[in-house]
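Summary of structural features
In case you want the letters, here they are:
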Amino acid sequence: MFKAVVEFFQSYNPMTLTILRDATIETLIMVGASTALASFAGLPVGILLATTSKDHILEQSFLNRILGGIVNLGRSIPFIILMVAIIPFTRKVAGTSIGTTAAIVPLTVAAVPFVARLVEGAFLEIDSGVIEAAESMGASPLQIIFKVMIPEALPALILAVTMTSVNLIGYSAMAGAIGGGGLGDLAIRYGYQRFRGDIMLQTVIILVVLVQGIQMLGDKIAQRLYHRK
Amino acid sequence: MIRLNNVVKTFPGKTAVHALQGIDLHIPAGQIFGIIGQSGAGKSTLVRCINMLERPDEGEVWVNGLLINNLGGRRLRDERKKIGMIFQHFNLLKSRTVYKNIAFPLELAGFPKGEIAARVKSLAELVGLEDRLDAYPSQLSGGQKQRVGIARALATEPDLLLCDEATSALDPETTKSVLQLLRRINSELGLTIVLITHEMAVIQEICDRVAVLEDGRVQEVGTVVDVFTRPRSTAAKRMLQGFLQPTVPDKLAEAGKKLLRLTFIDQKAHQPIMSRLVREHNVDVNILFGRIDQMKDTPFGVLMVEMDGDSEQIDTAVQFLQEQQVEVEVLG
């Protein structure tokens, strides 16, 4: 076992390290940017989904059903198809349809409905009595959203963002199809197509570490914000 | 203070729930007014109609001379700031400390920071939580949580406090202390308090007047002393059964002797009426059950007695008791 490890490092090609490093950075850029953008765009959609639902502060069943339908539509399209289908849109936004930056566009578009549903769920988890109490104190709908719902749901929202970024790591592997690069792409091109099992293994290890790290960080932040013990 | 005229509320659905079926109620200022009813009687809906958390389908809700059920938007929110409310499950913000919870309504109303700090401090003292300001609700006991709820409800200096089963989730000991606090607030701040409950003991402890609610209708309204000692409606009688009114064991009822329930209210509870009864009227009295208690500030006693003697003597004895303003009820 020990001998195998030594041999592995002795025969290690420094070029591999560069490739792995670049791919990791690409993944982090794609996932980081699309998580941030999707959270930003998904939050208001989630707020609308929650607050327009039945018996909530801005009950609007028609709007709620339309919005819910759009979100479901977005979530039901397989990512690989969505990515290709919106290439014209990607080109308009990013100026190009290939590369890491371009991949951020479909990743974000795919994640927005996902975030919206998670955010909606987080908000509907809030005890309705707390919202009622705020109403009884004369809080406006905006005050209820910003001073009650968001702070009360913050731990759940953090976990939603964590879940989104972990999901996007998975999606980003497909971004290789439009030259997005990243670890997933590396695993397919080197590990699978060129039969480099060692590189495949290393990318998988990095991915596992990434996912574990993000999840642990998210759990830790959520735990800190959670005063319900 | 509050006047409800023919308030109707129905919750539609497969089997529509007629929560309120024409409520007429007047709640005078400065009092502690209790609304009692079994679960499903409509009392939660009723109290929510006072601050428009539920909008009545019909009828008028007047608060402080203002027809509140025509208001919406900002006007309604401004009125709500003058009405405090506390809840069965406290409904505190879990993400905020005690300090921040009490400050919450003041933040909503746009008070400056300095003013908020001063008010929170004096409110925390009022409810006895000045040393728990940095705690989160999860670190508090039920009674402490309700005290935060009360402080929060009083923050904007309302002249009306609505209590929705405020002590139902608390143990008897804590219930007592929370009720004492409400009573103190009522007398010190002159605040009108409307409380709904299913517990007779709560009404007995602090209320001046009580309304008995059943099937979405007010069955009876009056002072607590009147309703508790001379209930007229079947709803009130049923609810009082076993509370102040001891039930008659079947065996005794069968025995054929005169069975009476005597209620002594206020000053009568201090006087030696029974010994005069025996001395002056030549009847034998056997006491089966006795209890002396207090309704808010009014002492009262209940005695269940068996009276022996010839029927004429018993009749004059009963007459004597009635002359002494003792409530007499013949049970058998």
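Remember, predicted model here, so these are calculated numbers, not experimental data.

**A look at the sheet that holds strand S7 (residues 160–164) of chain B**
Residue and element names in this part refer to chain B. Strand order in the open sheet formed by six strands is S6-S7-S8-S3-S9-S10, and the pairing between neighbours is mixed. Only two strands of the sheet have a single partner each, and these edge strands are strand S6 (83–86) and strand S10 (217–223). Strand-to-strand twist across the sheet, computed as the mean angle between neighbouring axes with direction ignored, equals 15 degrees. The pairing of strand S3 (residues 32–36) with strand S9 (residues 209–214) spans four bridges and is classified as parallel. Bridge pairing in S9 links Phe 33 to Arg 209.

**Describing the domain arrangement of chain B**
Residue and element names in this part refer to chain B. Assigned domains within chain B: domain 1 (2–238) and domain 2 (250–330). Computed from C-alpha coordinates alone, the two centres of domain 1 and domain 2 are separated by 39 Å. In this assembly, domain 1 packs against domain 2 so that about 920 Å² is buried in total across both faces, 53% of it on carbon and sulfur atoms. Interface area lost by domain 1 to domain 2 is led by Gln 204, Val 225 and Thr 229, which between them contribute 53%. The interface formed by domain 1 and domain 2 contains three salt bridges.

**What to know about the packing of helix H6 (residues 100–124) of chain A against helix H8 (residues 141–172) of chain A**
All names here are of chain A. At a minimum axis distance of 9 Å, the contact between H6 and H8 shows a crossing angle of 150 degrees. Considering the angle they form, H6 stands roughly antiparallel to H8. In this structure, H6 meets H8 at a crossing whose hand is right-handed. Of the residues in H8, those in contact with Leu 107, Ala 110, Ala 111, Phe 114, Val 115, Leu 118, Val 119, Ala 122 and Phe 123 of H6 are Met 149, Ile 150, Ala 153, Ala 156, Leu 157, Ala 160, Met 163, Thr 164, Asn 167, Leu 168, Tyr 171 and Ser 172. For the contact of H6 with H8, the class distribution of residues is 18 nonpolar, three polar and no charged.

**Some remarks on the environment of Ala 151 of chain B**
All names here are of chain B. Relative to the assigned elements, Ala 151 resides in helix H5 (residues 142–154). Residue classification places Ala 151 among the buried positions, given a relative accessible area of 0%. Between the C-alpha atoms of Ala 151 and Asn 186, which are 35 residues apart in sequence, the distance is 13 Å. What Ala 151 contacts, discounting residues up to four positions off in sequence, is Ile 102, Leu 123 and Val 127.

**Side note on H6 of chain A**
All names here are of chain A. The end-to-end C-alpha distance of H6, which contains 25 residues, comes to 36 Å, matching closely the 36 Å that a straight helix rising 1.5 Å per residue would cover. Along H6, the largest kink reaches about 30 degrees and is centred on Ala 111; proline Pro 113 follows within four residues of it. The buried count for H6 comes to 19 of 25 residues, which makes it a mostly enclosed element.

**As for the side chain of Thr 108 of chain A**
Assignment of secondary structure puts Thr 108 of chain A in helix H6. Filtering out sequence-adjacent residues up to four positions away, Thr 108 of chain A remains in contact with Ser 34, Leu 37 and Ala 38 of chain A.

**So, the pattern of salt bridges**
Residue and element names in this part refer to chain B. Applying the stated rule across the entire model yields 28 salt bridges over all chains. Note that Glu 79 is salt-bridged to Lys 82, the shortest N-O span being 3.0 Å. On the basis of relative accessible area, Glu 79 is assigned to the buried category, the value being 12%. Across the salt bridge formed by Glu 107 and Lys 100, the nearest N and O atoms sit 3.8 Å from each other. Look at Lys 100 and you get partly exposed, because its relative accessible area is 38%.

Thresholds, definitions, all that
Residues numbered from 1 in each chain as written. Chains lettered and ligands numbered in written order. Predicted model: local features only at pLDDT ≥ 70, side-chain atom pairs only at ≥ 80, totals over all residues. Heavy atoms only, no water. Pairing = 2+ DSSP bridges. Helix = DSSP H or I, 4+ residues; strand = E, 2+ residues; numbered from the N terminus. Axes fitted to C-alpha atoms, helices over the stretch in contact; angles between N-to-C directions. Domains from an automatic or database assignment. Buried area = accessible area lost by both parts, 1.4 Å probe. Salt bridge = Lys/Arg side-chain N within 4 Å of Asp/Glu carboxyl O. Parallel < 35°, antiparallel > 145°, perpendicular 65-115°, else oblique. Left-handed = near helix turned anticlockwise from the far one by under 90°. Contact = heavy atoms within 4.5 Å. Nonpolar A, V, L, I, M, F, W, Y, C, P; charged D, E, K, R; others polar. Buried < 20%, exposed > 50% of the residue type's maximum accessible area, 1.4 Å probe, protein only. Expected span 1.5 Å × (residues − 1). Bend = angle between axes of the 7 residues up to and from the residue.

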